[in-house]
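Notes for the structure review
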Amino acid sequence: QVQLVESGGGMVQPGESLRLSCAASRSIFSFNIMGWYRQAPGKQRELVATITRGGSTNYTDALKGRFTISRDNAKNTVYLQMNSLKSEDTAVYYCNAALTISRWAGDMAYWGKGTLVTVSS
């Protein structure tokens, strides 16, 4: 019954910014970890960033400094702020959430359907 709905995707030019949102159907306090993943055309899904219930964040090294993950507990929403976008950032971005770290590590997480981000000049 848990639903995660991503929004905010679209088409932007290189160098521009975009903020993605992931709205959950339940209190995000119930999730020990939430994250953003992306899948570029013809490539495997990759981890972008994670945030824990306590606010600890983790980023893919190549994206750290450009992307920022955050959460608004009152709105049951997790965000991904993307700055200085590059064409290589073009992908479908997915939100996920897990009740525990073990479930997250064991691929027992909830997933959204994704939102497409296209970066093109």
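What this report covers is the structure whose coordinates are included nearby. (Residues numbered from 1 in each chain as written. Predicted model: local features only at pLDDT ≥ 70, side-chain atom pairs only at ≥ 80, totals over all residues. Heavy atoms only, no water.)

**Focus: the packing of aromatic side chains**
Applying the stated criterion across every chain, the model contains 2 aromatic pairs. Taking the centre distance of 6.1 Å and the plane angle of 70 degrees together, the rings of F31 and Y110 count as edge-to-face. One end of the pair, F31, is in the loop between strand 3 (18–24) and strand 4 (33–39); the other, Y110, is in strand 10 (residues 110–111), with 79 residues separating them in the sequence. By relative accessible area, which is 0% here, F31 ends up buried. Residue Y110 is classed as partly exposed on the basis of its relative accessible area, which comes to 29%. Positioned above the aromatic ring of F31 is the side chain of R26, whose terminal nitrogen or guanidinium carbon lies 5.6 Å from the ring centre. Over the aromatic face of Y37 sits the side chain of R45, whose NZ or CZ is 5.4 Å from the ring centroid. (Phe/Tyr/Trp six-rings, centres within 6.5 Å; stacked < 30°, edge-to-face > 60°. Helix = DSSP H or I, 4+ residues; strand = E, 2+ residues; numbered from the N terminus. Buried < 20%, exposed > 50% of the residue type's maximum accessible area, 1.4 Å probe, protein only. Lys NZ or Arg CZ within 6 Å of the ring centre and 35° of its normal.)

**Some details on the pattern of salt bridges**
Close approach of charged atoms allows side chains with opposite charge to pair. Evaluated as defined, the whole model comprises 3 salt bridges. Its salt-bridge partner being R38, residue D89 comes within 2.9 Å of it at the nearest N-O pair. Residue D89 is found in the loop between strand 8 (77–82) and strand 9 (91–98), and its partner R38 is found in strand 4; the two are separated by 51 residues along the sequence. On the basis of relative accessibility, which here comes to 1%, the residue D89 falls in the buried class. Its salt-bridge partner being R66, residue D89 comes within 2.8 Å of it at the nearest N-O pair. Here the residue D89 occupies a position in the loop between strand 8 and strand 9, and R66 occupies one in the loop between strand 6 (57–59) and strand 7 (67–72), the gap between them amounting to 23 residues. Just as D89 is buried, R66 falls in that class too. (Salt bridge = Lys/Arg side-chain N within 4 Å of Asp/Glu carboxyl O.)

**So, the nonpolar core**
The biggest cluster of nonpolar side chains holds 29 residues, and the ones touching the most others in it are M34, W36, L80, M82 and Y93. Those elements giving two or more residues to this core turn out to be strand 3, strand 4, strand 5 (46–52), strand 7, strand 8, strand 9 and strand 11 (115–119). (Core = buried A, V, L, I, M, F, W, Y, C linked by side-chain atoms within 4.5 Å.)

**A closer look at the pairing of strand 1 (residues 4–7)**
Across the two faces of strand 1 the burial differs, with L4 and E6 buried and V5 and S7 not buried at all. As defined by bridge partners, strand 1 adjoins strand 3 across 4 bridges and the pair is classed as antiparallel. The residue bridging S7 from the neighbouring strand is S21, located in strand 3. (Pairing = 2+ DSSP bridges.)

**With respect to the state of the cysteines**
One pass over the structure, following the stated rule, counts 1 disulfide. What pairs with C22 in a disulfide is C95, and their sulfur atoms sit 2.0 Å apart. Measuring the twist about the S-S bond at about -75 degrees, one finds the C22-C95 disulfide to be left-handed. Of this pair, C22 sits in strand 3 while C95 sits in strand 9; the two residues are 73 residues apart in sequence, bridging distant segments of the chain. A relative accessible area of 0% places C22 in the buried class. (Disulfide = S-S within 2.5 Å.)

Function cannot be read off these values alone, since they describe shape.
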